[in-house]
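Residue strings, one per chain:
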Amino acid sequence: MEYKGATIWMTGLSGSGKSTVANMLAKRLRAVGARVEILDGDVVRTNLSKGLGFSKEDRDTNIRRIGFVCNLLSRNGVFAIAAAISPYKAIRDEVRAAAGDFVEVFADCPLDTLVERDAKGLYKKALAGEIKNFTGVSDPYEPPESPEVRVDSSRQTAEESTEIVWRYLIEAGLLKL
């Protein structure tokens with residue numbers, strides 16, 4: 001098995017399956033001997049970006065930090081998987097431009113489906129005005145125009161979505177089995 005480091009950038013609304021697919025993909029990559037790190041948006045916000053709020057400026061800073069770490073990892077032969085909402089196209093493009101190999105994965109899922117399966121109750125609170133600046137409800141989300149990979153958790157299982165990303169890594173020459 002051969003591979004080269006790359007940034008795999010999972011973007012999508014809260015609850016769209018980013019972290020689930022990231023974890024399944026990481027497990028599969030590790031099983032074939034690849035070095036992998038996951039930078040989950042919630043975990044990074046708690047540790048690397050503690051003190052940042054949810055203003056556009058703070059969100060941009062958080063994404064830049066995640067992108068910086070992904071770039072460090074990927075240029076050293078690691079699959080760096082970022083699972084972060086990253087709502088603004090300009091910042092995702094900035095991270096892409098600074099990266100080496102970059103794979104944008106759009107975890108697409110209609111808002112009504114996310115509201116319906118709202119496991120954490122966040123959408124309910126956001127729609128009631130209890131959570132301010134909630135991406136996709138009271139704050140914008142700019143979906144990728146042409147991601148390398150698009151998965152849809154309203155129509156695919158997490159396993160199917162992971163397989164789609166896996167196949168792309170092989171087709172793009174980032175993973176050779």
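In this report, the structure presented in the accompanying data block is examined.

## Description of the sheet that holds strand β3 (residues 36-40)
- With respect to topology, five strands assemble into an open sheet ordered β3-β4-β2-β5-β6, the strand pairing being parallel. Two strands lie at the open edges of the sheet, namely β3 and β6 (149-152), each paired on one side alone. The average angle at which neighbouring strand axes cross in this sheet is 20 degrees, direction not considered.
- Bridge analysis of β3 against strand β4 (residues 79-83) gives five bridges, and the strand direction is parallel. Bridging across to β4, aspartate 40 finds its partner in alanine 83.
- Sheet contacts for helix α7 (residues 158-171): β2 (6-11), β4, β5 (102-108) and β6; angle to β6, the most-contacted strand, approximately 170 degrees.

## Focus on the nonpolar core
- Grouped together as the largest cluster of nonpolar side chains are 23 residues, with contacts concentrated most on Leu29, Phe79, Ile81 and Leu169.
- When contributions to this core are tallied by element, the ones reaching two or more residues are β2, α1 (18-31), β4, β5, β6 and α7.
- The element that contributes the greatest number of residues to this core is α1, accounting for five residues.
- When near neighbours in sequence (up to four residues on either side) are disregarded, leucine 29 contacts Ala34, Val36, Phe79, Ile81, Trp166, Leu169 and Leu175.
- If you look at the next biggest cluster of nonpolar residues, it comprises 13 residues, including Val44, Ile66, Cys70 and Ile91.

## What about the packing of helix α3 (residues 56-74) against helix α4 (residues 89-98)?
- For the pair α3 and α4, interaxial distance at closest approach is 10 Å and the crossing angle is 20 degrees. For the element pair α3 / α4, the angle class is roughly parallel. Two packed elements cross with a definite hand, and for α3 against α4 that hand is right-handed. Here Asp60, Ile63, Arg64, Gly67 and Asn71 of α3 lie close against α4, whose contacting residues are Ile91, Glu94, Val95 and Ala98.
- Each residue belonging to the contact of α3 with α4 can be placed in one class, and the counts come to four nonpolar, two polar and three charged.

Rules used throughout
Every chain is numbered independently, its residues counted from 1 as its sequence is written. Since the coordinates come from a predicted model, pLDDT governs what is reported: local features require at least 70, and pairs of side-chain atoms require 80 or more to be given and counted, while whole-chain, interface and lining totals use all residues. For the side-chain quantities, the full set of heavy atoms in the structure was used; hydrogens and water were omitted. Between any two strands, at least two bridges found by DSSP are needed for them to pair. Strands here are runs of E lasting at least two residues and helices are runs of H or I lasting at least four, both read from the DSSP assignment and numbered beginning at the N terminus. Each axis is a line fitted through C-alpha atoms, taken for helices only over the stretch in contact, and angles between the N-to-C directions span 0 to 180 degrees. Contact definition: two residues touch when any of their heavy atoms are within 4.5 Å. Put simply, buried Ala, Val, Leu, Ile, Met, Phe, Trp, Tyr and Cys residues joined by side-chain atoms within 4.5 Å make one nonpolar core. Categorising residues by exposure relies on relative accessible area from a 1.4 Å probe, with only protein chains included: less than 20% of the type maximum marks a residue as buried, more than 50% marks it as exposed, and the intermediate range marks it as partly exposed. Our angle categories are set so that under 35 degrees counts as roughly parallel, over 145 as roughly antiparallel, 65 to 115 as roughly perpendicular, and the remainder as oblique. The crossing is said to be left-handed when, going from far helix to near helix, the turn is anticlockwise and less than a right angle, and right-handed when the turn is clockwise. In this classification, the charged set is Asp, Glu, Lys and Arg, the nonpolar set is Ala, Val, Leu, Ile, Met, Phe, Trp, Tyr, Cys and Pro, and all remaining amino acids, among them Gly, are polar.

Such coordinate-based values are descriptive only and should not be taken to indicate function.
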